[in-house]
Amino acid sequence: MKVLVSDPGRLVVQLTRRERDEMRAVLQCHGQVPRRGPSITRGSAEGMPSDATAMLAEQVLGGWESERAGTLGLLEDAARCVKGKGGYGLQVTEDEAERLLRALNGARLAFWEALGSPDFEAGERVEGTERNRALVALMELAGSYGGRWLACLGGGEE
């Protein structure tokens, strides 16, 4: 990953074929792994309609899905992700660049939640099933690309 053009409001980032394909795969798999809705209230929800928190959580989940699908669409849009000799030139606005970062982080979080939200730092392990191994690999890939995207936008080459 490397920023080729950085104009006000517009970035062109060079991606290798592998980088584009792996980010697409992470975002596609994320669409198949449901996320938990966030806790909307702190403390008591007394006085709120009984379905208010569920409706708000549903709206947040819908926003996350829209962000994931929109970001995936950027990587699949031949006019925005132009194939060239060295891979692809992805043209994004600053807002879209931030959205891609949020989508990758959201994918990482979704895969972790699908594993049961284990505390890896405390040494907690997950069962060594094929599904869990795939989720861990996708979680790590999403985290790696999130870090690389952030470094790239910060002026580094990843």
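Residues numbered from 1 in each chain as written. Predicted model: local features only at pLDDT ≥ 70, side-chain atom pairs only at ≥ 80, totals over all residues. Heavy atoms only, no water.

The helix and strand inventory of the chain stands at four helices and four strands. Listing the helices and strands of the chain from first to last along the sequence gives β-β-α-α-β-β-α-α. Looking at the 158 residues of the chain, the share that counts as buried comes to 32%. Counting contacts in the chain only where the partners sit at least 6 residues apart, residues at least 24 apart contribute 66% of the total. By element, 49% of the accessible surface of the chain is carried by carbon and sulfur atoms, the whole surface being about 9,300 Å². (Helix = DSSP H or I, 4+ residues; strand = E, 2+ residues; numbered from the N terminus. Buried < 20%, exposed > 50% of the residue type's maximum accessible area, 1.4 Å probe, protein only. Contact = heavy atoms within 4.5 Å. Areas by Shrake-Rupley, 256 points an atom, 1.4 Å probe, with all protein chains shown as cover.)

With 84% of its residues at a pLDDT of at least 70, the chain reaches an overall mean of 87. Mean pLDDT per element in the chain: helix 2 (residues 52-76) is the minimum at 78, and strand 4 (residues 87-92) is the maximum at 96. (pLDDT = per-residue confidence, 0-100.)

In this section: the pattern of salt bridges. Throughout the structure, instances matching the rule amount to 10 salt bridges. A salt bridge links arginine 80 to glutamate 96, with the nearest nitrogen and oxygen atoms 2.3 Å apart. You can see arginine 80 sitting in the loop between helix 2 and strand 3 (81-84) and its partner glutamate 96 sitting in helix 3 (residues 94-114), a full 16 residues away along the chain. Since its relative accessible area comes to 23%, arginine 80 is described here as partly exposed. Judged by relative accessible area, which is 12%, glutamate 96 ranks as buried. Salt-bridge contacts for glutamate 96 lead to arginine 99; the nearest nitrogen and oxygen are separated by 4.0 Å. With a gap of three residues between them, glutamate 96 and arginine 99 both fall in helix 3, about one helical turn apart. Classification of arginine 99 as partly exposed rests on a relative accessible area of 22%. Salt bridges sharing common partners tie together Arg17, Arg20, Asp21, Arg24 and Glu76. (Salt bridge = Lys/Arg side-chain N within 4 Å of Asp/Glu carboxyl O.)

Let us look at the packing of aromatic side chains. Scanning the entire structure with this criterion turns up zero aromatic pairs. Between the NZ or CZ atom of arginine 20 and the centre of the ring of tyrosine 88, over which it lies, the distance is 4.4 Å. (Phe/Tyr/Trp six-rings, centres within 6.5 Å; stacked < 30°, edge-to-face > 60°. Lys NZ or Arg CZ within 6 Å of the ring centre and 35° of its normal.)

So, on to the pairing of strand 2 (residues 10-15). Put simply, side chains in a regular strand alternate between the two faces of the sheet. With five bridges joining them, strand 1 (residues 2-7) and strand 2 adopt antiparallel strand pairing. Of the residues in strand 2, the one forming a bridge with serine 6 is leucine 11. As consecutive antiparallel partners, strand 1 and strand 2 are separated by two residues, and within that stretch glycine 9 has a phi angle of approximately 80 degrees, a positive value. By the bridge criterion, five bridges tie strand 2 to strand 4 in an arrangement that is antiparallel. Each bridged residue has a counterpart across the sheet, and for leucine 15 the counterpart in strand 4 is tyrosine 88. (Pairing = 2+ DSSP bridges.)

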